Amino acid sequence: MGAGPGDPGYITVRGMELLRLADVVVFDALANPVLLDEAPNHAELIDAGKRAGDCKLTQDQINELLVQKAKEGKLVIRLKGGDPYLFGRGAEEMMYLARHGIGAEVVPGVTSGIAAPMTAGIPVTYRGQASTVTLIAGHEDPAKGVSSIDYAAVVSLIRSGGTACFYMGIGRLADIVNELKSCGLAEETPVAVVQWGTTPQQRSLRTTLINAARLVEESGLGAPAIVVVGAVAGLEAPGLDSFIRRPLFGQRILITRTRQRASVLKKMLIEQGALVLEAPTIEIVEVSQKDSEIINEVIRGVRDYDWLILTSVNGVAALGDRLTELKLDARHLAGVKIAAIGSATADDLRTRLGIRADLTPARYVAESLVDEMLTRENVQGKKCLLLRADIARSELPRLLENKGAKVTDLAVYHTKCADGLPVKVLEALRRAEVNWITFTSSSSVRNLIEILGSERALLEKVRLVSIGPVTSETIRQSGLQVSLEAGQSDIEGLVKVLCEGARSK
């Protein structure tokens, strides 16, 4: 199966369907590791990545592994970067499987020789400039001894309006340039080099044949990269560079949400071009058996309340789980008015339980909720049930009680500080490679500071982005500076303010 050129969204629909059914995934170094998250929890993930100087498994070992796992009756996915038959060894593996009586299917993939130039603003064909494309292995099998590439023919094709795309050629760029020059290709011929094409790490360089090797070395561009030679490598026009014009392109953003809630924010940031690092600072913990029994009893008698107030998607999830456990459904909540703080909470309530909130305040804070409740009715004597986290702010029940409401504040889930940061995240912070850190709650701020401990000063080198005023106040009380605060206190507002902030830099 071809994993595509880097962006996980460029895998085929067929590829994704099969990946989600896999029992075993044997993956290459250039297959985006994000795709592995699509495999079932039971799937065995085996790294068969091969890079220069680092070979986890030999080709013979890979072949035997595929046969072994298939003979165990498992659905085995051989996940290869790009396309399995283009400068890979997919055909060899298929033939080996056939010789051992293993049935197999090939799923093609988008190749980097076309996709990487495209995201760098280079169409490999263009009317009037290039009508042919030649895909060339820049790094050939060393066992051959002599190159099998007919550079004279390649030069002829480029001269006649063609584009040459060299794969795996960055380490031999000087040799490739010399070969092309010796066969008569003009020194002013446009050349482009695209590293990590289709990903937020993408870097590119446009130059000419005579300067290519020197400028690439000076720029530090390295593998994996595609080298494009021909007229289109010099083509620059508005509209072709939409990929790199996304507002967050190349920005490294650290998100601190729980693992359960990070996916939506991560997806939205990636769509805007960001390179997302994840460091969940909060872990959701189930309540004790004793507390669980108390919660169930309250949910059974929920119709005794006038208002049910949910302040987070985790609260909605906990409510849904309780109803299921008690063999109840949304009908059990009939007659109880429901308030949801935040559009995400309201959306989750609607999608998970099929219930539309009676009240979602314009501002996603306790004060706004209470103010809007009071515009609807006098809460004097009204019974309000809050389903929240154990560390939730005390402001909401206090304000309601001050207005005469009778409040039951129930912790339906507990949170705890995560044990630590992923190594790659900590290293990125130490190297000052993180541009932004997003905080979606006060606890995420406090927990990250606690996790960093003696290295909390690392946060002073990064721009901090807050989801709203309460979180911002916690950041400031911690002695740190808020760079951006979302105007609308939800994930959409957070992404919007980030895009605006990145544009202004």
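Refer to the structure presented above.
In what follows, the accompanying structure is described. This is a predicted model, so every value here is computed, not measured. (Residues numbered from 1 in each chain as written. Predicted model: local features only at pLDDT ≥ 70, side-chain atom pairs only at ≥ 80, totals over all residues. Heavy atoms only, no water.)

**Overview of the packing of aromatic side chains**
Inference 1: Applying the stated criterion across every chain, the model contains three aromatic pairs.
Inference 2: Arranged with centres 4.9 Å apart and planes meeting at 65°, the rings of Phe87 and Tyr167 form a pair that is edge-to-face. Residue Phe87 is found in the loop between β5 (76-79) and α3 (90-99), and its partner Tyr167 is found in strand β7 (residues 162-167); the two are separated by 80 residues along the sequence.
Inference 3: What makes Tyr167 buried here is its relative accessible area of 7%.
Inference 4: Between Phe243 and Phe249, the ring centres sit 5.6 Å apart and the planes meet at 70°, which makes this aromatic pair edge-to-face. Per residue, the accessibility class of Phe243 equals that of Phe249, and both read buried.
Inference 5: Over the ring of Phe243 we find Arg246, and its NZ or CZ is 4.2 Å from the ring centre. (Phe/Tyr/Trp six-rings, centres within 6.5 Å; stacked < 30°, edge-to-face > 60°. Helix = DSSP H or I, 4+ residues; strand = E, 2+ residues; numbered from the N terminus. Buried < 20%, exposed > 50% of the residue type's maximum accessible area, 1.4 Å probe, protein only. Lys NZ or Arg CZ within 6 Å of the ring centre and 35° of its normal.)

**Overview of the pattern of salt bridges**
Inference 1: Applying the stated criterion to the full structure yields 28 salt bridges.
Inference 2: Its salt-bridge partner being Lys266, residue Glu278 comes within 2.8 Å of it at the nearest N-O pair. Here Glu278 is found in strand β12 (residues 275-278), whereas its partner Lys266 is found in helix α8 (residues 262-271), with 12 residues between them in sequence.
Inference 3: The exposure class of Glu278 is partly exposed, given its relative accessible area of 30%.
Inference 4: In this structure, the salt-bridge partner of Asp409 is Arg388, at a minimum N-O distance of 2.8 Å. Of this pair, Asp409 sits in strand β17 (residues 406-417) while Arg388 sits in strand β16 (residues 383-389), and the two are 21 residues apart along the sequence.
Inference 5: Accessibility expressed as a relative area gives 4% for Arg388, which makes it buried.
Inference 6: Because the salt bridges share partners, they merge into one network encompassing Asp28, Arg78, Lys80 and Glu93. (Salt bridge = Lys/Arg side-chain N within 4 Å of Asp/Glu carboxyl O.)

**Examining the nonpolar core**
Inference 1: In this structure, Leu308, Leu319, Leu333, Leu385 and Leu387 are the most contacted members of the largest nonpolar core, which totals 25 residues.
Inference 2: Going through the elements one at a time, α9 (289-300), β14 (307-310), α10 (313-325), α11 (343-353), β16 and β17 are the ones with two or more residues in this core.
Inference 3: In this view, Leu387 contacts Ile299, Leu308, Ile309, Leu310, Thr311, Gly315, Leu319, Leu410 and Val412; residues no more than four positions away in its chain are not counted.
Inference 4: Grouped together as the second largest cluster of nonpolar side chains are 24 residues, Ala164, Val191, Val193 and Val229 included. (Core = buried A, V, L, I, M, F, W, Y, C linked by side-chain atoms within 4.5 Å. Contact = heavy atoms within 4.5 Å.)

**Focus: the sheet that holds β16**
Inference 1: Pairing in this open sheet of five strands is mixed, and the strands run β13-β17-β16-β14-β15 from one edge to the other. The sheet terminates laterally at β13 (282-285) and β15 (337-340), the two strands that pair on one side only. When the angles between neighbouring strand axes are averaged without regard to direction, this sheet yields 25°.
Inference 2: Examined bridge by bridge, β16 and β17 share seven bridges and lie parallel to one another. Paired with Ala389 across the strands is Tyr413, a residue of β17.
Inference 3: Lying over the sheet, helix α13 (residues 395-402) contacts β14, β16 and β17, oriented at roughly 170° with respect to β16. (Pairing = 2+ DSSP bridges. Axes fitted to C-alpha atoms, helices over the stretch in contact; angles between N-to-C directions.)

**Remarks on the pairing of β14**
Inference 1: The alternating pattern of β14 places Trp307 and Ile309 on one face and Leu308 and Leu310 on the opposite face, and all of these are buried.
Inference 2: A crossover connection joins β14 to the parallel β15 through α10; in handedness this β-α-β unit is right-handed.
Inference 3: By the bridge criterion, four bridges tie β14 to β16 in an arrangement that is parallel. Residue Leu310 lies in a different strand from β16, and its bridge partner there is Leu387. (Right-handed = clockwise from strand over helix to strand, strands pointing away.)

**Notes on the layout of surface pockets**
Inference 1: The computed volume of the second largest pocket comes to approximately 1,100 Å³.
Inference 2: It is helix α16 (residues 469-477) that contributes the most residues to the lining of the second largest pocket, six residues altogether.
Inference 3: Partitioned by chemical class, the residues of the lining of the second largest pocket number 17 nonpolar, 17 polar and seven charged. (1 Å grid on protein atoms, 1.4 Å probe; cavity = no way out; pocket = protein on both sides within 12 Å on 5 of 7 lines; lining within 4 Å. Points joined across faces, edges and corners; volume = space filled by probe spheres on them. Nonpolar A, V, L, I, M, F, W, Y, C, P; charged D, E, K, R; others polar.)

**Observations concerning the sheet that holds strand β2 (residues 44-47)**
Inference 1: Across the sheet, which stays open at both edges, the three strands sit in the order β2-β1-β5 with parallel pairing between neighbours. The open sheet terminates on both sides in strands that have one partner only, identified here as β2 and β5. Pairs of neighbouring strands in the sheet enclose a mean axial angle of 15°, with direction left out of account.
Inference 2: As defined by bridge partners, strand β1 (residues 24-27) adjoins β5 across four bridges and the pair is classed as parallel.

**Focus: unusual backbone geometry**
One can expect most non-glycine residues to show negative phi and most peptide bonds to be in trans.
Inference 1: For the bond from Ala223 to Pro224, the omega torsion is -5°, close enough to zero to count as cis.
Inference 2: Examined against the element boundaries, Pro224 turns out to sit in the loop between α7 (212-219) and β10 (225-229).
Inference 3: Residue Lys327 is not a glycine yet carries a positive backbone phi of 60°.
Inference 4: Assignment of secondary structure puts Lys327 in the loop between α10 and β15.
Inference 5: Taking the relative accessible area as the measure of exposure, Lys327 reaches 76% and is therefore exposed.
Inference 6: Backbone geometry places Ala432, a non-glycine residue, at a positive phi of 55°.
Inference 7: Residue placement: Ala432 occurs in the loop between α14 (423-430) and β18 (436-439).

Read these as geometric descriptors, not functional statements.
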